[in-house]
Amino acid sequence: MRAQRRWLAGTLVLAVAGGGLGSGGALASPDDDSAAEATPAELAAVTWESMAGPPGAGRVKQLVQTTRPSHVLYATTDAGVYRSTDGGDGWDAVHELADRPVLAVAPSEAGLISCGDGVHLLADDGLRRLLEGACESVAVRGDSIVMADGGAAADEVRVLHLDGDGAWRDVSPGPTDLAGLPSPPPGLPTGIATGPLLPVGGDILAGFRRWVEGSGEFDHGGLFRWDAGAARWSEVDLPQPDQTALTRLFADPADADRIIATFRRTIVHEQKDRVGRLAFESLDGGRTWASLTNADIDCNGISDVVRVGRARYLLAPWDGFMLHLEGKRWTSLPMPTIEGIPGA
């Protein structure tokens with residue numbers, strides 16, 4: 001039960017960033033599947049406290065955790081990238097990345113992958129460029145890296161994939177691939193944005209969203225899959241509501257075929273749906289999907305998924321709760337809301 005108690009004591013670290021929680025929750029013992037189930041009394045004792053992030057760094061935009069060792073955290077902030085080796089109590093600037101823009105980072109077995117003015121690998125022997133050009137988001141799984149960036153036009157996105165043979169391949173979707181995203185009324189400024197990415201063998205899962213400037217009313221996104229064998233993108237048929245966007249693709253570290261996809265409403269606070277319409281699970285590497293839970297509770301969206309022992313936690317910061325899932329059982333637990341936080 002040690003891993004669970006460490007989490008209940010406050011080991012789960014979350015960063016508020018850009019209207020939601022940072023893209024990674026820092027977990028105690030993320031690969032430990034031996035933790036016993038939490039008792040109702042232990043769940044009722046969950047408490048949260050505010051903790052200082054990197055000093056003088058401003059807003060924390062992203063928080064990620066290395067798998068081994070699991071206590072090392074990286075935070076991307078307004079002032080650069082910071083590293084913590086003690087679970088978030090102390091922070092040091094990552095000087096190798098100090099002179100370049102970093103929009104996202106992702107841990108890998110070889111080191112830390114950074115994304116901004118190209119893709120870089122920060123390893124024990126220093127910083128090495130893997131790819132030139134702009135980069136807005138990056139994801140790593142095994143020896144596969146996927147990066148995405150806006151294309152030359154607002155309706156274009158660029159997606160590149162680096163697999164085990166060391167070669168980058170352009171797998172960018174074309175207009176016909178994204179034709180399922182609804183168009184807004186004529187005359188409104190619009191474009192395509194890339195959401196979460198996840199390599200799945202030679203294939204890729206990605207979120208693409210049609211955005212409309214100034215309002216979430218006409219925004220809508222979906223989950224898409226790049227099939228390497230067929231060399232094409234297709235939209236995954238999920239029953240999520242309209243006016244939603246993909247927020248997270250969670251790959252279970254204990255089960256390579258288990259993936260969770262979560263969504264949120266594009267209009268914050270005003271629209272709600274059952275959690276089961278906003279969270280889906282695949283047990284076969286993203287080929288087929290089903291609703292993750294039958295919990296009869298509504299929310300504006302799920303920002304993230306974290307795993308502690310055998311439990312999964314769905315975070316709903318816009319509504320001030322998180323859902324503890326263990327088997328078929330679920331429990332709603334309070335968490336800090338993002339209302340009133342500057343920049344949220």
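In this text the structure is predicted, and so the values were computed from the model without any measurement.

Asker: Looking at this model, I keep getting lost on the overall build of the protein. Mind explaining?
Answerer: Broken down by element type, the protein carries two helices and 28 strands. In the protein, of all internal contacts separated by at least 6 residues, the share reaching a separation of at least 24 is 46%. Of the roughly 15400 Å² that the protein leaves accessible, carbon and sulfur atoms contribute 48%.

Asker: Can you walk me through the sheet that holds strand S20 (residues 259–265) in this structure?
Answerer: Pairing is antiparallel across the open sheet formed by four strands, whose spatial order is S19-S20-S22-S23. Strands with a single pairing partner mark the edges of an open sheet, and in this sheet they are strand S19 (244–251) and strand S23 (290–291). Here seven bridges tie S19 to S20, and the two strands are oriented antiparallel to one another. Note on S20: the bridge partner recorded for Arg-248 is Thr-262.

Asker: What's the story with the side chain of His-324 in this structure? I'm lost.
Answerer: Assignment of secondary structure puts His-324 in strand S27 (residues 321–326). Here His-324 falls in the buried class, since its relative accessible area comes to 2%. In this structure the side chain of His-324 is engaged in a polar contact, spanning 2.9 Å, whose partner is the side chain of Glu-326.

Asker: Looking at this model, I keep getting lost on the packing of aromatic side chains. Mind explaining?
Answerer: The geometry of an aromatic ring pair is captured by the separation of the ring centres together with the interplanar angle, meaning the angle of the planes. Tallied over the full model, the rule gives four aromatic pairs. Centroid distance Trp-226 to Trp-233: 5.9 Å. Interplanar angle 55 degrees. Geometry classified as tilted. With respect to class, Trp-226 is no different from Trp-233; both count as buried.

Asker: Is there a simple way to explain the sheet that holds strand S28 (residues 329–334) in this structure?
Answerer: With respect to topology, four strands assemble into an open sheet ordered S25-S26-S27-S28, the strand pairing being antiparallel. This sheet does not close on itself; its edge strands, each paired only once, are strand S25 (304–308) and S28. Each neighbouring strand pair of the sheet contributes to a mean axis angle of 25 degrees, computed without reference to strand direction. Pairing geometry for S27 and S28, over six bridges, is antiparallel. In the sheet register, Glu-326 faces S28, and the bridge partner there is Arg-329.

Asker: Hey, could you run me through the nonpolar core in this one?
Answerer: The tendency in soluble globular proteins is for nonpolar side chains to be buried as a group. Of all hydrophobic cores here, the largest spans 29 residues; its most connected members are Leu-205, Leu-223, Val-275, Trp-289, Leu-314 and Leu-323. Elements that contribute at least two residues to this core include exactly strand S15 (190–200), S19, S20, strand S22 (279–282), strand S26 (311–316) and S27. If one sorts the elements of this core by residue count, S20 sits on top with four residues. If we skip the residues at most four places from it in the chain, Trp-289 touches Leu-205, Leu-223, Val-236, Leu-238, Ile-259, Ile-260, Ala-261, Phe-280, Glu-281 and Ser-282. Core analysis: the next-biggest nonpolar cluster, separate from the first, contains 16 residues, Ala-139, Ala-148, Leu-181 and Phe-224 among them.

Asker: I'm lost on the pattern of salt bridges in this one. Help?
Answerer: A side chain of one charge can pair with a side chain of the opposite charge when the charged atoms of the two come close. With the rule as written, the count across this model stands at 17 salt bridges. Across the pair Asp-273 and Arg-265 runs a salt bridge, and its minimum N-O distance is 2.7 Å. Like Arg-265, Asp-273 is buried. Ionic contacts of the salt-bridge type, sharing partners, join the residues Asp-252, Arg-258, Glu-281, Arg-307 and Arg-312 into one network.

Asker: Would you explain the environment of Gly-53 in this entry?
Answerer: Mapped onto the secondary structure, Gly-53 falls in the loop between helix H2 (40–44) and strand S3 (60–65). Between the C-alpha atoms of Gly-53 and Tyr-82, which are 29 residues apart in sequence, the distance is 9.3 Å.

Asker: Is there a simple way to explain unusual backbone geometry in this structure?
Answerer: The backbone phi angle of Ala-231 is positive, close to 55 degrees, even though this residue is not glycine. One non-glycine residue with positive phi stands out, namely Gln-243, at about 55 degrees.

Asker: Explain the confidence of the model for the protein to me, please; I cannot follow it from the model alone.
Answerer: Detailed reading of predicted coordinates is not advised where the pLDDT is low. When pLDDT is averaged along the protein, the result is 82, and 85% of the positions lie at 70 or above. A low-confidence stretch, residues 15–34 stays under pLDDT 50, and its non-local contacts, those more than four residues away or across chains, total 77 contacts. Scored below 50 in pLDDT, residues 340–344 makes six contacts in the model with residues more than four places away or belonging to other chains.

Asker: Explanation requested: the side chain of His-120 in the structure shown.
Answerer: Mapped onto the secondary structure, His-120 falls in strand S9 (residues 118–123). Among the polar contacts made by the side chain of His-120, one reaches the side chain of Arg-100 at a distance of 3.4 Å. Ignoring any residue separated from it by four or fewer positions in sequence, one finds His-120 in contact with Arg-100, Leu-112, Ile-113, Ser-114, Leu-127, Arg-128, Arg-129 and Leu-130.

Asker: I would appreciate a short explanation of the pairing of S3 in the present structure.
Answerer: Counting buried residues along S3, five of its six residues qualify, which places the element largely inside the surrounding structure. Pairing of S3 with strand S4 (residues 73–77) involves five bridges; the strand directions are antiparallel. Each bridged residue has a counterpart across the sheet, and for Gln-62 the counterpart in S4 is Thr-76.

Reading the values: the criteria
Residues numbered from 1 in each chain as written. Predicted model: local features only at pLDDT ≥ 70, side-chain atom pairs only at ≥ 80, totals over all residues. Heavy atoms only, no water. Helix = DSSP H or I, 4+ residues; strand = E, 2+ residues; numbered from the N terminus. Contact = heavy atoms within 4.5 Å. Areas by Shrake-Rupley, 256 points an atom, 1.4 Å probe, with all protein chains shown as cover. Pairing = 2+ DSSP bridges. Buried < 20%, exposed > 50% of the residue type's maximum accessible area, 1.4 Å probe, protein only. Polar contact = N/O pair within 3.5 Å; in protein donor to acceptor, adjacent residues only side chain to side chain. Phe/Tyr/Trp six-rings, centres within 6.5 Å; stacked < 30°, edge-to-face > 60°. Axes fitted to C-alpha atoms, helices over the stretch in contact; angles between N-to-C directions. Core = buried A, V, L, I, M, F, W, Y, C linked by side-chain atoms within 4.5 Å. Salt bridge = Lys/Arg side-chain N within 4 Å of Asp/Glu carboxyl O. pLDDT = per-residue confidence, 0-100.

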